[in-house]
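In case you want the letters, here they are:
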Amino acid sequence: MISEWQNHKAQLRSYVSKRINDSHAVDDILQDVYIKASSNLHQLKSKGSLKGWLYRIAHNTIMDFYRQQKPYEELPEDLVAEDHDSGSLARKELAECLRPLIDELPEKYGTPLRLAELEGYSQQSIAEQLGLSLSGAKSRVQRSRVKFREQMMACCDFEVGQEGITDYSPKKTSSSSKC
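Residues numbered from 1 in each chain as written. Predicted model: local features only at pLDDT ≥ 70, side-chain atom pairs only at ≥ 80, totals over all residues. Heavy atoms only, no water.

S.K.: An account of the overall build of the protein is requested, with residue identities and associated values reported.
M.R.: A tally of helices and strands in the protein yields 7 helices and 2 strands. In the protein, the succession of helices and strands from N to C terminus is α-α-α-α-α-α-α-β-β. Scored against the burial criterion, the 179 residues of the protein give a buried share of 28%. The contacts of the protein with a sequence gap of at least 6 include a subset with a gap of at least 24, amounting to 55%. For the protein, the exposed area adds up to about 12,500 Å²; of that, 50% sits on carbon and sulfur atoms. (Helix = DSSP H or I, 4+ residues; strand = E, 2+ residues; numbered from the N terminus. Buried < 20%, exposed > 50% of the residue type's maximum accessible area, 1.4 Å probe, protein only. Contact = heavy atoms within 4.5 Å. Areas by Shrake-Rupley, 256 points an atom, 1.4 Å probe, with all protein chains shown as cover.)

As structure tokens, then:
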């Protein structure tokens, strides 16, 4: 059996080196392949399947090698960190406006939205509190969100970035007295 493994050594080295650019890593991977193969020899079903079995072990070992890698690129030293929370102030100011805007919604929509978004109740709890079916509560919360969004869009212009709302400004002809 050992002589058969040696027959496949050059082919396995070629297989691994085509997939790994580091010659030291190729040797390490080959060593791992042979260690895994020798410790799991009992799983080999027949001598005729040795080559395919070794290639499967090699493939899995290469995948393990790449999973363990933590690729990174060196950043230039003159790189200055950007302010990632540029919209923090805008979000805080806007959050102060939420409750009054929700209060302007008809009670049918304001109450489920307040319970879901501001107080963190589950939709099942909302259904129980409002005497609705679960699907009815879900629909009511969704309609409330739509109505609230329409109200917000009528009140303010928003600037949206990857982090969400980054800036806003009240519209000049706001239809809402609370904006």
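S.K.: I'd like a description of the packing of helix α6 (residues 123-130) against helix α7 (residues 134-155), backed by residues and values.
M.R.: The N-to-C vectors of α6 and α7 enclose an angle of 100 degrees; their axes lie 8 Å apart at closest approach. Classified by the angle between their axes, α6 and α7 sit roughly perpendicular to one another. Counted together, Q123, Q124, I126 and A127 of α6 and L134, A137, K138, V141 and R145 of α7 form the full contact between these two elements. Per-class residue counts for the contact of α6 with α7 are 5 nonpolar, 2 polar and 2 charged. (Axes fitted to C-alpha atoms, helices over the stretch in contact; angles between N-to-C directions. Parallel < 35°, antiparallel > 145°, perpendicular 65-115°, else oblique. Nonpolar A, V, L, I, M, F, W, Y, C, P; charged D, E, K, R; others polar.)

S.K.: Tell me about the pairing of strand β2 (residues 164-170), and please be specific about residues and values.
M.R.: By the bridge criterion, 6 bridges tie strand β1 (residues 156-161) to β2 in an arrangement that is antiparallel. Of the residues in β2, the one forming a bridge with G161 is G164. What sits between the antiparallel neighbours β1 and β2 is a turn of 2 residues. (Pairing = 2+ DSSP bridges.)

S.K.: Explain the packing of aromatic side chains to me, and be specific about the residues and the numbers.
M.R.: Counted under the stated rule, the structure contains 2 aromatic pairs. With a centroid separation of 5.0 Å and 80 degrees between ring planes, the pair formed by Y15 and Y55 is classed as edge-to-face. With Y15 in helix α1 (residues 2-17) and Y55 in helix α3 (residues 50-68), this residue pair connects regions lying 40 residues apart in the sequence. When its relative accessible area of 17% is taken as the criterion, Y15 is described as buried. Measuring from ring centre to ring centre gives 5.3 Å for F65 and Y66, while their planes differ by 70 degrees; the resulting arrangement is edge-to-face. (Phe/Tyr/Trp six-rings, centres within 6.5 Å; stacked < 30°, edge-to-face > 60°.)

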